[in-house]
Amino acid sequence: MPVILLLGADAGWAAEKDSSASSTEIVAKSTAKTRPLALDRMQGAGVASSKVRLKVTATAYNSLPDQTQGNANIGAWGHRLKPGIKAIAVSRDLLGMGLEPGTEVEIEGLPGRYRVLDKMHSRWARKIDIYMGVDHDAALAWGKRPVVIRWENQDS
């Protein structure tokens with residue numbers, strides 16, 4: 001039986017189990033007026049865990065000196081960014097949904113898993129930034145697009 005956690009002031013949201021997903025996968029949905037929050041599934045008396053899916057806006061960024069205010073190769077939590085690693089920055093509203101530093105995320109349409117190694121300015125919401133090393137052309141080609149991300153949400 002799913003347990004819904006109401007985190008934050010805006011609790012006006014809905015969740016629905018994805019019929020094509022496994023029994024532990026839960027889909028967070030929202031309307032223009034609401035913001036989805038993390039969902040967990042109870043598994044006995046121990047740790048609750050669930051696979052969370054969320055639609056976000058994805059852009060791309062580089063570690064180039066003219067694109068940042070500090071060291072272009074150091075993320076907000078001190079993680080070293082170097083070309084070739086699969087990393088993302090997340091908007092701060094996603095932190096409370098379980099996307100903490102080091103969380104592995106799958107991005108539908110892209111191969112592999114990406115790690116949350118950076119966070120974005122507080123002005124952004126429901127957004128990720130995909131790290132593309134120093135390849136400025138690749139970041140421009142990616143542009144801005146909606147994607148679905150998935151991650152394993154742990155509640156200890």
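Residues numbered from 1 in each chain as written. Predicted model: local features only at pLDDT ≥ 70, side-chain atom pairs only at ≥ 80, totals over all residues. Heavy atoms only, no water.

## A closer look at the pattern of salt bridges
(1) Moving on: Overall, the coordinates contain seven salt bridges when judged by the stated rule.
(2) Moving on: For Arg150, the salt bridge identified is with Glu106, shortest N-O distance 2.8 Å. You can see Arg150 sitting in strand E10 (residues 145-155) and its partner Glu106 sitting in strand E7 (residues 104-107), a full 44 residues away along the chain.
(3) Moving on: The partner of Glu108 in a salt bridge is Arg150, with the nearest N and O atoms 2.6 Å apart. With Glu108 in the loop between E7 and strand E8 (113-119) and Arg150 in strand E10, this pair connects stretches of sequence that are 42 residues apart.
(4) Moving on: The exposure class assigned to Glu108 is partly exposed, which follows from its relative accessible area of 33%.
(5) Moving on: Residues joined by salt bridges that share partners form a network here, namely Lys51, Arg53, Glu104, Glu106, Glu108, Arg113, Arg115 and Arg150. (Salt bridge = Lys/Arg side-chain N within 4 Å of Asp/Glu carboxyl O. Helix = DSSP H or I, 4+ residues; strand = E, 2+ residues; numbered from the N terminus. Buried < 20%, exposed > 50% of the residue type's maximum accessible area, 1.4 Å probe, protein only.)

## Things to note about the environment of Met97
(1) Moving on: Within the element layout of this structure, Met97 appears in the loop between helix H1 (92-95) and E7.
(2) Moving on: Here Met97 falls in the buried class, since its relative accessible area comes to 2%.
(3) Moving on: Along the backbone, Met97 and Val52 are 45 residues apart, and their C-alpha atoms lie at a distance of 9.2 Å.

## Considerations on the confidence of the model for the chain
(1) Moving on: Per-chain confidence: the chain averages 73 in pLDDT, with 60% of residues scoring 70 or above.
(2) Moving on: Element-level mean pLDDT values for the chain span from 34 in strand E2 (residues 14-17) up to 97 in E7.
(3) Moving on: Within the model, the stretch residues 1-45 combines pLDDT values under 50 with 85 contacts to residues more than four positions away or in other chains. (pLDDT = per-residue confidence, 0-100. Contact = heavy atoms within 4.5 Å.)

## Quick look at the packing of aromatic side chains
(1) Moving on: Across all of its chains, the model carries one aromatic pair by this definition.
(2) Moving on: One cation-aromatic arrangement involves Lys127 over Trp124; the distance from NZ or CZ to the ring centre is 3.5 Å.
(3) Moving on: Across the ring face of Trp142, the terminal group of Arg145 is positioned such that the distance to the ring centre comes to 3.6 Å. (Phe/Tyr/Trp six-rings, centres within 6.5 Å; stacked < 30°, edge-to-face > 60°. Lys NZ or Arg CZ within 6 Å of the ring centre and 35° of its normal.)

## Description of the pairing of E8
(1) Moving on: As defined by bridge partners, strand E6 (residues 87-90) adjoins E8 across four bridges and the pair is classed as parallel. Counted as the bridge partner of Val90 is Lys119 from E8.
(2) Moving on: Across three bridges, the pairing between E7 and E8 is antiparallel. In the strand pairing of E8, Glu106 is matched with Arg113.
(3) Moving on: Remark: five residues form the turn of the hairpin made by E7 and E8, two consecutive strands paired antiparallel; Gly109 in that turn has positive phi of roughly 95°. (Pairing = 2+ DSSP bridges.)

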